[in-house]
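One letter stands for each residue in the lines below.
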Amino acid sequence: MPHLRPFVSAVVRPIPITTREERIAELDRAGHNPFNIRGDKVSIDLLSDSGTGAVSTDQQAWAQRADERYAGADSWFRFRDAVRDLVPHEHVLPVHQGRAAERVLFGELLEPGSISLSNMHFDTTRANVERIGAEARDLPSPQLFDLTSDAPFKGDIDVDAARAVLNGPDGHRVGQIVVTITNNGGGGQPVSMANLAEISAVAREHRVPLVLDAARFAENAWLVTQRDPEYADWSPREVARRVFEFGDAVVASLKKDGLSHEGAFIAVHDPELADRCEVDIIATEGFRTYGGLTGHTLEHLAQGLREVLDPHYLADREHEAKFLADRLHAVGVETLRPTGLHAVYVNATPLVPHLEPKHLPDHAVTCALYREGGIRAAGGGLFLGTFDENNELLTAPPFELVRLALPRRVYDRSHMEYIAEVLAEIAKHPERVPGYRLTHNPEVLRHFRCRTEPIEP
Ligand SMILES: Cc1ncc(COP(=O)(O)O)c(C=O)c1O
């Protein structure tokens, strides 16, 4: 049966249509950093899939029933029950977004000098480890670095490498193991059930807590049902529940698979740990039954968590990403394989072969996408590379990928076709894409705050 999108638009928002001249002026004003570009100058916004999705009519209907009482509101209990339907943890603590969950939980698990191991720390996750004075060490599966292979679970953590650290001289400093599902920094690739079982056994053996960074738990669950024959008969909800059982603790931004614009939770078994987190949350986020969230948002989230594991919705999400990737392949643009769900990652290296790593190829393609088509995306190189005091590239990023993040339930096929057409034009004349250099290089969270300029040929 042909694919049928399982929803229609109920409310629409016009998008800005701009001229090339306007976009060139805006890029200059923004220091050629997509994070500085004004939204009203962006036609297709693929900067992030976080908090950018469309809510459903049922979510809106529930929001009408929001209970905004300060403590013990009905909306809190509906939210808590929706989370508890997924996680086995006794203690569920709400916070306003994922990075707040990281700050609070990591503050309890790490101290200066600790090590955090991960398949890949997401940028804010890394920042929250490093702000404590701890070290964030990424141990991705070696398969991740082969951009062209179709290995199904490239998001895995390298369990042998984790074991080696734990058994080595630094072993006593490891304060937590974080498994990010799906592996956002690693191209949105999923983590397998076998890998989760293995790393959780290693963590238990070494008495180190295993933390799941579960921002895309539903998308990971879907990909497990699609790529692991052992789980082909499981529903995404059954897989998600099984995954959460592996975590001693969970931090989950709900701006992604909560299908909402804000919100996150921490879930833990240990009552003392929960107690310590609760004190921090009351002091910095809000009381333990709202954590900085309105009743309105708690209702969006409760209903979002009911909707997100619907196999029809998840199949559509996969279809949308695959549709875009296929269109790009058809015009000779390479993408990270296999295609995941939350984004399509364009491989900039073959697209602009005249640019060396020091010319920031992924950033150059990102800027070209905006200049030529009003499409906002983000490259990973500015985050993953390192630079010296003169802003020259010191170590090149492992790959030059441009992330085309797909907001949930927002864009349709015509938008995907447009993106492919703009990239096809760029691919036709790659020599017109100039290289870039950093002009302002903040020490932390560089990619959010830096400024760059094109290098005149
Ligand atoms: C894997 C992962 N962890 C944590 C976060 C942080 O979540 P938030 O944006 O809600 O602070 C993100 C956000 O994109 C993410 O992708």
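Here the structure is a predicted model, which is why all the values come from computation and not from measurement.

Quick word on the overall build of the chain
No. 1: Helix and strand content of the chain: 17 helices and 16 strands.
No. 2: By the compact-globule yardstick of 23 Å for 457 residues, the chain fits well, its C-alpha radius of gyration being 22 Å.
No. 3: Expressed as lengths along the three principal axes of its C-alpha atoms, the size of the chain is roughly 60 × 55 × 45 Å.
No. 4: Out of the 457 residues belonging to the chain, those deemed buried represent 56%.
No. 5: Considering only contacts within the chain whose residues lie at least 6 apart along the sequence, 72% involve residues at least 24 apart.
No. 6: Carbon and sulfur atoms provide 51% of the accessible area of the chain, an area that totals close to 19100 Å².
No. 7: Between the averaged position of the 49 positive side-chain charges in the chain and that of its 68 negative side-chain charges there is a distance of 3 Å.

Considering the packing of helix α14 (residues 361-373) against helix α16 (residues 413-428)
No. 1: Packing of α14 against α16 brings their axes to within 10 Å, and their N-to-C directions diverge by 110°. Judged on the interaxial angle alone, α16 and α14 are roughly perpendicular. Here α14 runs over α16; the crossing is right-handed. For the pair α14 and α16, contact is made by Ala-368, Leu-369, Glu-372 and Gly-373 and by Tyr-418, Val-422, Leu-423 and Ile-426, respectively.
No. 2: The class makeup of the residues in the contact of α14 with α16 is six nonpolar, one polar and one charged.

Regarding the environment of Cys-450
No. 1: Looking at the secondary structure, you find Cys-450 in the loop between α17 (446-449) and β16 (451-454).
No. 2: Residues Cys-450 and Lys-154 lie 296 residues apart in sequence; the distance between their C-alpha atoms is 30 Å.
No. 3: Among residues more than four places away in sequence, those in contact with Cys-450 are Asn-33, Asn-36, Leu-382, Leu-438, His-440 and Pro-442.

Notes on the pattern of salt bridges
No. 1: Enumeration over the complete set of coordinates arrives at 36 salt bridges.
No. 2: Note that Glu-26 and Arg-29 form a salt bridge whose closest N and O atoms lie 2.8 Å from each other. Placement of the pair is Glu-26 and Arg-29 together in helix α1 (residues 20-29), with a separation of three residues, close to one helical turn.
No. 3: A salt bridge links Asp-326 to Lys-322, with the shortest nitrogen-to-oxygen separation between them at 3.1 Å.

Focus: the site of the ligand
No. 1: In the neighbourhood of the ligand, 15 residues make up the surrounding shell, with Gly-98, Arg-99, Asp-213, Ser-253 and Lys-256 lying closest.
No. 2: Summarising the interface, the protein chains cover 97% of the accessible area of the ligand, which totals 380 Å² for the free molecule.
No. 3: Going through the elements one at a time, α4 (98-109) and α5 (123-130) are the ones with two or more residues in the shell around the ligand.
No. 4: Looking at the shell around the ligand, the element that brings in the most residues is α4, giving three residues.
No. 5: Considered class by class, the residues forming the shell around the ligand number one nonpolar, eight polar and six charged.

So, the state of the cysteines
No. 1: Tallied over the entire structure, the rule returns zero disulfides.
No. 2: Take Cys-450: it sits in no disulfide, and the sulfur closest to it among the cysteines is that of Cys-367, at 9.3 Å.
No. 3: Overall, Cys-450 belongs to the buried group, its relative accessible area being 0%.

With respect to the UniProt feature "domain: Aromatic amino acid beta-eliminating lyase/threonine aldolase" (unreviewed entry) in the chain
No. 1: The positions that UniProt labels "domain: Aromatic amino acid beta-eliminating lyase/threonine aldolase" (unreviewed entry) are, in the present scheme, residues 45-421.
No. 2: Across residues 45-421, the secondary structure splits into 42% helix and 14% strand, with the terminal C-alpha atoms separated by 16 Å.

Quick look at the packing of aromatic side chains
No. 1: Following the criterion strictly, the structure yields seven aromatic pairs and no others.
No. 2: Ring geometry for Phe-35 against Phe-448: centres 4.7 Å apart, planes inclined by 70°, an arrangement best described as edge-to-face. Of this pair, Phe-35 sits in the loop between α1 and β1 (44-45) while Phe-448 is found in helix α17, placing the two residues 413 residues apart along the sequence.
No. 3: You can call Phe-35 partly exposed: its relative accessible area is 31%.
No. 4: Arranged with centres 5.2 Å apart and planes meeting at 70°, the rings of Tyr-70 and Tyr-290 form a pair that is edge-to-face. With Tyr-70 in the loop between α2 (57-63) and α3 (74-84) and Tyr-290 in the loop between α10 (271-284) and α11 (295-307), this pair connects stretches of sequence that are 220 residues apart.
No. 5: Among the aromatic side chains, those forming a connected cluster through ring pairs are Tyr-70, Phe-287 and Tyr-290.

What about the sheet that holds strand β9 (residues 343-347)?
No. 1: Strand order in the open sheet made by the three strands is β9-β14-β11, with antiparallel pairing throughout. In this open sheet, the two edge strands, each paired with only one partner strand, are β9 and β11 (378-379).
No. 2: When β11 meets strand β14 (residues 401-405), the two strands line up antiparallel, connected through two bridges. Within the sheet, the bridge partner assigned to Gly-379 lies in β14 and is Val-402.
No. 3: Of the strands in this sheet, β11 and β14 touch α14, which is tilted by about 40° from β14.

So, the packing of helix α6 (residues 159-167) against helix α7 (residues 193-205)
No. 1: Relative to each other, α6 and α7 sit at 5°, their axes nearing to 10 Å. Here α7 runs roughly parallel to α6, going by the angle between their axes. Taking contact as the criterion, the partners of Val-159, Ala-162, Arg-163 and Leu-166 in α6 are, on α7, Asn-195, Glu-198, Ile-199 and Val-202.

A closer look at the domain arrangement of the chain
No. 1: Assigned domains within the chain: domain 1 (20-49 + 310-454) and domain 2 (57-307).
No. 2: In this assembly, 28 residues from domain 1 lie in contact with 33 residues from domain 2.
No. 3: When the two sides are added together, the surface that domain 1 and domain 2 hide from each other amounts to roughly 2600 Å², 58% of it contributed by carbon and sulfur.
No. 4: When the buried surface of domain 1 facing domain 2 is broken down by residue, Arg-337, Pro-338 and Phe-399 rank first, second and third, together holding 21% of it.
No. 5: Joining domain 1 to domain 2, the criterion identifies six salt bridges.
No. 6: The tally of links from domain 1 across to domain 2 stands at 18 residue pairs in polar contact (both at pLDDT 80 or more).
No. 7: Its residues assigned to classes, the side of domain 1 that touches domain 2 shows 14 nonpolar, six polar and eight charged.

The rules we used
- Residue indices begin from 1 for each chain and proceed along its sequence in written order.
- For this predicted model, a pLDDT threshold of at least 70 governs which residues receive local features, and a threshold of 80 or more governs which side-chain atom pairs are given and counted, while totals over whole chains, interfaces and linings are taken from all residues.
- To get the side-chain values, all heavy atoms of the structure are used, and hydrogens and water are removed first.
- Secondary structure elements follow DSSP: runs of H or I of four or more residues count as helices, runs of E of two or more count as strands, with numbering from the N terminus.
- Our radius of gyration is a C-alpha quantity, and the globule rule it is checked against amounts to 2.2 Å times the number of residues to the power 0.38.
- Note on classification: 1.4 Å probe, protein chains only; a residue is buried when its accessible area is under 20% of the maximum for its type, exposed when over 50%, partly exposed between these limits.
- Any two residues whose heavy atoms approach within 4.5 Å are treated as being in contact.
- Surface exposure here means Shrake-Rupley accessible area, sampled with a 1.4 Å probe, where a residue is shielded only by the protein chains that are shown.
- Under the convention used here, Asp and Glu are negative, Lys and Arg are positive, and both His and the chain ends fall outside the count.
- Charge placement uses NZ in Lys and CZ in Arg. For Asp and Glu, CG and CD serve respectively.
- Lines are fitted to the C-alpha atoms to define the axes, a helix being fitted only along its stretch in contact, and any angle between axes, read from their N-to-C directions, falls within 0 to 180 degrees.
- Working definition: roughly parallel below 35 degrees, roughly antiparallel above 145 degrees, roughly perpendicular at 65 to 115 degrees, and oblique for all remaining angles.
- Two helices crossing with the near one rotated counterclockwise from the far one by less than a right angle form a left-handed crossing, whereas a clockwise rotation gives a right-handed crossing.
- Classification convention: Asp, Glu, Lys, Arg as charged; Ala, Val, Leu, Ile, Met, Phe, Trp, Tyr, Cys, Pro as nonpolar; all other residues, Gly among them, as polar.
- Salt bridges are counted wherever a side-chain nitrogen of Lys or Arg sits within 4 Å of a carboxyl oxygen of Asp or Glu.
- A cutoff of 4 Å decides nearness: a residue is near a molecule or strand if any of its heavy atoms lies inside that distance of it.
- Disulfide assignment relies on a single distance test, namely cysteine sulfur atoms paired within 2.5 Å.
- UniProt positions are given in the numbering used here, feature names are shortened, and annotations may be inferred rather than shown by experiment.
- Each aromatic pair joins two rings of Phe, Tyr and Trp (for Trp, the six-membered one) with centres within 6.5 Å, and gets the label stacked for planes under 30 degrees apart, edge-to-face for over 60, and tilted for any other angle.
- Being paired, for any two strands, means DSSP has found at least two bridges between them.
- Either an automatic procedure or a domain database provided the assignment from which the domain bounds are taken.
- Two parts placed together each lose some accessible area under a 1.4 Å probe, and adding up what both lose gives the buried area.
- Pairs of N or O atoms are called polar contacts if they sit within 3.5 Å, as long as, within protein, a hydrogen donor faces a hydrogen acceptor (for residues adjacent in sequence, only side-chain-to-side-chain pairs).

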